[in-house]
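Commentary on secondary and tertiary structure
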Amino acid sequence: MMIRLFAGAAIVAMLSACASVEGGPVSTASAAVPKASGYFAQASALPFHAPDFTKIKDAQLQPAIEQGIAIKRAEIEAIANNPAPATFENTLVAMQRAGQMLNRARGVFDQLAAANTNDTLDAAQAALAPKLTELDDAIYLNDKLFQRVKAVYDARAAAGMTPEDAMLLETTYADFVHAGALLDAAQKAQLMQMNSRIAALETQFSQKLTEATAAKAPVFDTREALAGLSDDEIDAAAKLAAEMGQPGKFALALVNTTQQPMLVSLTNRETRRRLFQASVNRASGGDAYDLTGTIEELADLRARKAALLGLPNYAAYAMYDRMVREPAEAIKFMRDFVPAVAATQAREKAMLEEMARADGVTALEPWDWGYYAEKVRKARYDLDENQLKPYFEVWNTLENGVFHAMEQFYGVTFKRRTDLPTYHPDMRVYTVIDKDGGELGLFYADPFARPNKQGGAWMGNFVEQSHLLGNKPVIYNSLNVPPPPAGQPALMTFDEVTTMFHEFGHAMHGFFADQQYPALSGTNTARDFVEFPSQFHENLATVPAILSHYARHYQTGAVIPADLIDKVEAAATFNQGLGFGETLEAALLDMEWHDISPSESKLNAAAFEAQALGGMALDTRMIPPRYRSPYFRHIWSNGYEAGYYSYIWTEMLAHDAWDWIETHGGVTRANGDHVRETFLGQGHTKDYEVMYRDYAGHDPRVEPMLKARGLTGVGGE
Ligand SMILES: [Zn+2]
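Let me sum up the structure you'll find in this document. (Residues numbered from 1 in each chain as written. Predicted model: local features only at pLDDT ≥ 70, side-chain atom pairs only at ≥ 80, totals over all residues.)

This next bit is on the packing of helix 2 (residues 88-97) against helix 5 (residues 143-154). Axis separation between helix 2 and helix 5 bottoms out at 9 Å; the angle between their running directions is 120°. Considered as vectors, helix 2 and helix 5 are oriented oblique to each other. Relative to helix 5, the crossing made by helix 2 is left-handed. For the pair formed by helix 2 and helix 5, the contact residues are Phe88, Thr91 and Leu92 on the first element and Arg148, Val149 and Val152 on the second. Here the contact of helix 2 with helix 5 is composed, by residue class, of four nonpolar, one polar and one charged. (Axes fitted to C-alpha atoms, helices over the stretch in contact; angles between N-to-C directions. Helix = DSSP H or I, 4+ residues; strand = E, 2+ residues; numbered from the N terminus. Parallel < 35°, antiparallel > 145°, perpendicular 65-115°, else oblique. Left-handed = near helix turned anticlockwise from the far one by under 90°. Contact = placed C-beta atoms within 7 Å. Nonpolar A, V, L, I, M, F, W, Y, C, P; charged D, E, K, R; others polar.)

The buried count for strand 8 (residues 457-463) comes to seven of seven residues, which makes it a mostly enclosed element. Sheet topology note: the strand 8/strand 9 (residues 474-481) ladder contains five bridges and is antiparallel. If you follow Gly460 over to strand 9, its bridge partner there is Tyr476. (Buried ≥ 20, exposed ≤ 12 C-beta atoms within 10 Å, placed from the backbone. Pairing = 2+ DSSP bridges.)

Glancing now at the nonpolar core. In this structure, Ala105 and Ala587 are the most contacted members of the largest nonpolar core, which totals 159 residues. Ignoring anything within four residues of it in the chain, the contact list for Ala587 reads Met334, Tyr644, Tyr645 and Ile648. Phe250, Leu263, Leu275 and Ile623 belong to the second largest nonpolar core, which has 25 residues in total. (Core = buried A, V, L, I, M, F, W, Y, C linked by C-beta atoms within 7 Å.)

This next bit is on helix 6 (residues 163-178). An ideal rise of 1.5 Å per residue puts 22 Å on 16 residues; helix 6 measures up with 22 Å between its terminal C-alpha atoms. Within helix 6, burial applies to Asp165, Met167, Leu168, Thr172 and Phe176. Viewed along the axis of helix 6, the buried residues span an arc of 160°, placing them on a single side of the element. As for helix 6, its buried residues are in contact with helix 2, helix 4 (119-140) and helix 5. With its phi angle positive at about 105°, Gly180 sits one or two positions after the end of helix 6. (Expected span 1.5 Å × (residues − 1). Arc of directions from axis to C-beta.)

So, about the environment of Asn604. In this fold, Asn604 is placed in the loop between helix 21 (576-593) and helix 22 (605-614). Separated by 309 residues in the primary sequence, Asn604 and Ile295 place their C-alpha atoms 9.7 Å from one another.

Take the packing of helix 24 (residues 646-662) against helix 26 (residues 688-696) next. Interaxial distance between helix 24 and helix 26 falls to 10 Å at its minimum, and their mutual angle equals 25°. Relative to helix 26, the element helix 24 is oriented roughly parallel. For the pair helix 24 and helix 26, contact is made by Leu653, Asp656, Ala657 and Trp660 and by Tyr692, Tyr695 and Ala696, respectively. Residue composition of the contact of helix 24 with helix 26, grouped by class: six nonpolar, no polar and one charged.

As structure tokens, this is what we get:
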């Protein structure tokens with residue numbers, strides 16, 4: 001399992017249960033389980049079964065994963081064909097033991113391909129993707145296997161199971177039903193046809209959107225048009241225009257969101273207008289890059305797929321395993337923010353208009369928002385990021401900030417070790433030691449950016465915790481801090497400090513895992529839950545007693561001045577009408593697209609979107625959604641359909657949970673134990689809402705988030 005953070009918000013990718021103790025083939029008539037060979041055939045001999053990077057060769061990874069897939073397929077077949085009557089042990093538990101070689105190889109491969117890739121690994125990734133999808137089909141569309149799971153499920157009332165066993169049965173059964181296991185043969189054939197068309201459209205959408213975003217970079221004739229940009233940015237624009245076949249001109253590359261970072265500094269208003277309009281119209285211009293037809297067909301197919309599975313709409317289908325299970329609940333949650341956000345948008349617009357009038361601008365337009373917001377921000381907050389960085393050296397922040405916070409809160413300590421190999425020399429490895437002195441697992445820190453490393457930040461497991469398989473967690477955090485010049489310290493922005501605490505929150509979710517089954521262990525939780533613990537841990541970065549322990553000038557050792565942190569926190573609540581508003585609008589738009597019934601689904605995308613935005617009671621003209629429908633990659637090809645609300649939901653949980661800490665004595669060992677006991681150590685052994693109530697004593701509330709976001713006019717229905 002790997003959890004990725006993209007541009008200030010995070011997503012979950014890949015479900016894999018890492019394991020490393022041989023469960024042995026299931027003893028049945030199917031004798032065809034291939035014999036494992038090579039490095040990944042056995043668990044690593046290093047402590048905690050840590051990967052031995054001195055022995056792992058890139059060229060061996062693809063064959064090892066292919067062999068791991070073949071073995072897992074045979075193991076699954078053996079479970080499905082077992083002549084003995086189905087039991088929890090010989091079916092559900094056997095499935096948890098299956099695929100250990102695959103898990104070992106993927107635990108290494110997924111991280112190398114993300115954090116230290118090359119042509120060999122890139123090619124392997126492309127070749128393996130369809131094979132891993134086929135493996136999923138071989139499990140979830142295997143009717144014999146499902147009949148065994150169903151037999152155990154139907155007899156569950158009499159079985160007297162532990163809560164964790166009951167949860168494993170319930171989630172496994174739900175996964176099969178979600179994949180269509182209850183359909184008859186004709187319906188299954190129809191479903192597979194739909195799935196194949198949906199997959200093709202999703203891939204087509206993703207590729208064409210990448211092309212559209214590149215092709216729609218607006219081109220300008222003169223250098224003067226780009227006034228306000230740096231010389232480096234203008235040089236890059238000249239280079240891009242030449243690459244686009246227009247030498248001597250200047251092209252501004254589009255980024256994926258509606259707002260373009262350069263809108264903040266471009267002084268020429270006509271240039272801003274052209275850049276903004278190129279962004280919002282990139283995939284709806286009626287030309288070869290127009291994706292409106294693709295999303296109309298996708299929305300229609302998804303609505304019909306949900307109907308085939310007996311559900312009222314696709315949102316209900318997609319949310320089957322979430323903390324928020326009902327689309328109506330997610331929609332109500334978001335609509336409750338609308339009055340506060342609308343009031344903030346109006347208030348901030350008035351501030352921006354006042355600033356713009358000084359420039360002779362009488363009517364503010366959407367392309368002016370970022371530009372004047374930046375002017376207001378500078379005037380009000382006077383914050384220079386470069387004043388902060390000398391206080392945030394990377395290793396000091398990790399060892400005296402993050403680790404210190406974990407010791408204060410949980411009693412956990414860290415011991416650096418140099419005896420274990422890493423995949424890159426810039427990494428450090430630590431043993432994580434529990435409050436009672438026992439060893440919890442291994443932590444690998446990989447903080448620096450490299451050309452062959454994906455952007456963003458993420459956490460993952462080389463080895464996942466499981467009592468069944470006898471494994472303790474081996475966990476890594478990857479960040480993208482710019483590497484320092486030779487001989488200089490590596491200094492971070494405050495955003496990067498927050499990200500380091502965030503990713504370590506995921507890591508603690510993994511280290512406190514105390515589960516029997518890998519599928520329910522640690523961070524293997526729902527999309528709208530998994531980012532809650534990580535965002536919760538961000539709060540530790542600015543607790544005064546923790547901050548003063550680590551935020552020290554790398555040259556003088558002086559503690560960071562309090563007024564600098566005050567400025568950071570004050571500036572964070574400014575421009576939320578755009579910052580939070582565009583996210584809320586995108587999340588509402590996502591639900592509109594996935595709340596339709598098949599009878600409504602023959603629709604016109606432009607008209608549908610216009611109606612949806614018009615009904616939001618937000619200033620969607622001045623502040624459009626973060627993504628408009630034809631370039632909303634999260635929901636059309638990245639697995640976030642009916643899921644974009646998760647960013648807001650988990651933030652709400654994190655703020656409310658932190659409010660509990662602040663009103664119950666702060667960062668104390670007792671409170672840390674309470675966090676660990678109620679949710680951080682529970683994996684997915686309980687319902688998410690039960691864990692939350694166990695922790696807070698009530699259902700989650702939005703007020704602490706509204707306060708933290710600086711949103712006024714806390715709203716009713
Ligand atoms: Zn995250």
